[in-house]
Amino acid sequence: MMKNLLVTGGCGFIGVNFIRQLLEETPDFTGRIINVDVLTYAGNPLSLADLEARFPDRYVFIKADIGDRAAMAAALDAYRVDAVCHFAAESHVDRSIVRPDAFIQTNIVGTHVLLELFRARREKIRRFHHISTDEVFGSLGPSGAFTEETPYAPNSPYSASKAASDHLVRAYHATYGLPVTISNCSNNYGPYQFPEKLISLMILNALEGKPLPMYGDGLNVRDWLYVGDHARAIWTILARGVEGRTYNVGGRTELPNLEVVRMIADQLDQLAGPLPGGRPRRELITFVKDRPGHDRRYAIDCTRIERELGWRPRESFATGLNRTIRWYLDHREWVEQVRSGEYQQWIREHYG
Ligand code: NAD
Ligand code: DAU
């Protein structure tokens, strides 16, 4: 049983949900979490601020870059880390198209730094779980789904950097026998997502009566997974996954983007009332220029994790989307924090 779990990127969207779930809802986990995050635009320490008071012996936050070898070595040693769960990454495809440098640095070089530190502590660290994406497999045609055996064919600087990091993790298992696991997951949605990804951005734009930009024809398909289901899958793999194995994680919920955005618009009309003049929010949908290299369709075959580890998604898309929209309606303060320059100033003052 792991006692000191180092989580990288724990102040981001999935990391926050994972840490909350482990401390608040997972009786099997009785250890301590050491959350290391450098707090880029996507990381918000306030999302977890209450945990420091509620779990003073079980939650620690350290502001550091995973690429900073000395800082990461100090964190691993000071807290006698025996397991690592690696979320930290630059995660947004559009940003990677405009400026890929940080993606190469954090996703590839940063992961390599962690692996080298892990190699030097192989007797102490019993498990390294690497969180990855289905985007490493490239784009599907109208049928079929990605399995763990699908060859890698990444199409964006983001997915290429994640593919490189997966290969490094795999190679450190094959070459040095390090106890790693990898998961490749489909699109997540839910609370605490920075408003740049499709669902979080569309909820806020629709609420505020702003245009809802649909790339291309809006018929690209994604396989949506509620973030709480993803968090539970990661814990399941950490606790019971087989060393050296890769697990696909998905929601079995394939939907074209246009349908997702129409659902958001309709639910918001009901929850927040129509726009001035009684205008339905669907009218805000605006077709814009397509994303370069835009993958047409993703779908995950998650039979392995279902059969071998007994994990299954619990949330349906309709209920998960409703919960997510209500969360954004109820957490305007969080939204303003992550959007405002004032908040970045707060980070500098508190964490240097
Ligand atoms: P996110 O962008 O919301 O959060 C990333 C976090 O990592 C932030 O808190 C950021 O401050 C931190 N970070 C970035 N660079 C760092 C560095 N150099 N050192 C330390 N911390 C750093 O991302 P997310 O959506 O929570 O994704 C988490 C992981 O899951 C990523 O590895 C991503 O590739 C993967 N993933 C995401 C999805 C999804 O739909 N969001 C799906 C599959 C896989
Ligand atoms: O599949 C897993 C991946 O899902 C993760 O690895 C990534 O970290 C995560 O960002 C996500 O990548 P996508 O590129 O699929 O997500 P995004 O929310 O950016 O876009 C989802 C779809 O919606 C995609 O087809 C592009 C489209 N889109 C997106 C935005 C932001 C639009 O049409 N308009 C938009 O404004």
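Residues numbered from 1 in each chain as written. Chains lettered and ligands numbered in written order. Predicted model: local features only at pLDDT ≥ 70, side-chain atom pairs only at ≥ 80, totals over all residues. Heavy atoms only, no water.

Asks: Residues and numbers for the site of ligand 1, please.
Replies: In the vicinity of ligand 1, 28 residues are found, and the nearest of them are Ile14, Asp37, Ser91, Tyr158 and Lys162. Interatomic distance of 3.0 Å between a backbone N/O atom of Ile66 and a nitrogen atom of ligand 1. Between an oxygen atom of ligand 1 and a main-chain N or O atom of Asn188, the distance comes to 2.9 Å. For ligand 1, whose unbound accessible area comes to 840 Å², protein coverage reaches 96%. Those elements giving two or more residues to the shell around ligand 1 turn out to be α1 (13-25), β5 (127-133) and α6 (157-176). Tallying contributions element by element places β5 first for the shell around ligand 1, with three residues. (Near = heavy atom within 4 Å. Polar contact = N/O pair within 3.5 Å; in protein donor to acceptor, adjacent residues only side chain to side chain. Areas by Shrake-Rupley, 256 points an atom, 1.4 Å probe, with all protein chains shown as cover. Helix = DSSP H or I, 4+ residues; strand = E, 2+ residues; numbered from the N terminus.)

Asks: Which residues make up the environment of Arg262, and what values do they have?
Replies: Mapped onto the elements of the fold, Arg262 is located in helix α9 (residues 257-272). You can call Arg262 partly exposed: its relative accessible area is 36%. Sequence-wise, Arg262 and Ala102 are 160 residues apart; in three dimensions their C-alpha atoms are separated by 33 Å. Arg262 has contacts with Arg282 and Ile285, leaving out every residue within four places of it along the chain. (Buried < 20%, exposed > 50% of the residue type's maximum accessible area, 1.4 Å probe, protein only. Contact = heavy atoms within 4.5 Å.)

Asks: Could you give an account of the site of ligand 2, with specific residues and numbers?
Replies: Neighbouring ligand 2 are 24 residues, the closest being Asp134, Glu135, Tyr158, Arg291 and His294. Side-chain polar atom of Tyr158 to an oxygen atom of ligand 2: 2.6 Å apart, as the coordinates give it. One of the backbone nitrogen or oxygen atoms of Leu198 is found 2.7 Å away from an oxygen atom of ligand 2. Surface burial for ligand 2 is 94%, taken as the share of its 690 Å² of free accessible area covered by protein chains. Partitioned by chemical class, the residues of the shell around ligand 2 number 10 nonpolar, eight polar and six charged. (Nonpolar A, V, L, I, M, F, W, Y, C, P; charged D, E, K, R; others polar.)

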